[in-house]
Amino acid sequence: MVRNWLNIELNSATDNPIVVGDNILVGGNFHGEYPAKALDYLAIGIHELSSISERRIDKLMHGRNTEKNSENEVILPSFLVNPAPVDGLNSGFMIAHCTAAALVSENKGLCHPASVDNIPTSDGQEDHVSMGGWAARKALQVVENVETVLGIELLASCQGMFLRQKNKGKTGDEPKLTAPLQKVYDLVIGSSVRLAANDIYMAPNIEAAVRLLREEKVWQEVEEYIAE
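Let us look at the structure shown here. Being a predicted model, the structure only gives us computed values, none of them experimental. (Residues numbered from 1 in each chain as written. Predicted model: local features only at pLDDT ≥ 70, side-chain atom pairs only at ≥ 80, totals over all residues. Heavy atoms only, no water.)

## As for empty space enclosed by the protein
Inference 1: Enumeration over the complete set of coordinates arrives at one cavity of 30 Å³ or more.
Inference 2: The space that makes up the largest cavity amounts to roughly 80 Å³.
Inference 3: Along the walls of the largest cavity sit 14 residues, with Phe93, Gln159, Ala196, Ile200 and Met202 positioned nearest its centre.
Inference 4: Of the residues contributing to the lining of the largest cavity, the split by class is eight nonpolar, four polar and two charged. (1 Å grid on protein atoms, 1.4 Å probe; cavity = no way out; pocket = protein on both sides within 12 Å on 5 of 7 lines; lining within 4 Å. Points joined across faces, edges and corners; volume = space filled by probe spheres on them. Nonpolar A, V, L, I, M, F, W, Y, C, P; charged D, E, K, R; others polar.)

## What about the environment of Arg56?
Inference 1: When you line up the elements, Arg56 lands in helix H2 (residues 33-61).
Inference 2: On the basis of relative accessible area, Arg56 is assigned to the partly exposed category, the value being 39%.
Inference 3: Residues Arg56 and Ala156, 100 residues apart in the sequence, show an inter-C-alpha distance of 9.5 Å. (Helix = DSSP H or I, 4+ residues; strand = E, 2+ residues; numbered from the N terminus. Buried < 20%, exposed > 50% of the residue type's maximum accessible area, 1.4 Å probe, protein only.)

## Details of the packing of helix H1 (residues 2-10) against H2
Inference 1: At a closest axis distance of 9 Å, the pairing of H1 and H2 adopts a crossing angle of 160°. Considering their axes alone, H1 and H2 lie roughly antiparallel with respect to each other. In the crossing of H1 with H2, the sense of the turn from one axis to the other is left-handed. Across the interface between the two elements, Val2, Trp5, Leu6 and Glu9 of H1 pack against Tyr34, Pro35, Lys37, Ala38, Leu39, Tyr41 and Leu42 of H2.
Inference 2: Looking at the contact of H1 with H2, its residues break down into nine nonpolar, no polar and two charged. (Axes fitted to C-alpha atoms, helices over the stretch in contact; angles between N-to-C directions. Parallel < 35°, antiparallel > 145°, perpendicular 65-115°, else oblique. Left-handed = near helix turned anticlockwise from the far one by under 90°. Contact = heavy atoms within 4.5 Å.)

## Observations regarding the nonpolar core
Inference 1: Grouped together as the largest cluster of nonpolar side chains are 34 residues, with contacts concentrated most on Leu80, Phe93, Leu154, Cys158 and Val188.
Inference 2: Of all the elements, helix H4 (residues 132-166) adds the most residues to this core, at nine residues.
Inference 3: Core analysis: the second largest hydrophobic core is formed by ten residues, Ala36, Leu110, Ala135 and Val142 among them. (Core = buried A, V, L, I, M, F, W, Y, C linked by side-chain atoms within 4.5 Å.)

And the structure:
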């Protein structure tokens, strides 16, 4: 829908008046209302991806409440990190989750529609206005925030699989991955992402995971499994 609206507007004449032969047409074809609303809708729609993604990340943080093996032992540790010899030394994905939550909260403010605003300018000649410039800028920021949240979820999911592999001898858990999930996991661990059972500096990992999403490498791995 958004693509269709923007394509129409980008290929439309926006002169005022429009001169066609001997005909002079005066109208409001220059108005940016349609692009502004389309971009507002885009921000709201794309934000939903980060909203549900953050909730899935949260579920992975609660080791004590996650799946257990046949011996009633927790399969995934809290915050997706193995306990440190001294309590409090390993925080794992706790701050990464806080980052995702902060970005989702930021998006809630950015998703307020710009197109509902209006400030007359040019001695009242420019009224009412679409605020389409701000709609575009904040829509881009929402998309970037969503990419980061999804990158954190990708990391957290792969970290969970990594820990299940690493701890399977302790928990008796034998992780079995579906074919597309295995391909995504192999892609991530084969990239510059570094997974570890103890605390590591997370920023490079998050940036690497976001690149995999932006370059559509994750999509390329799973496309054949997605129904038309």
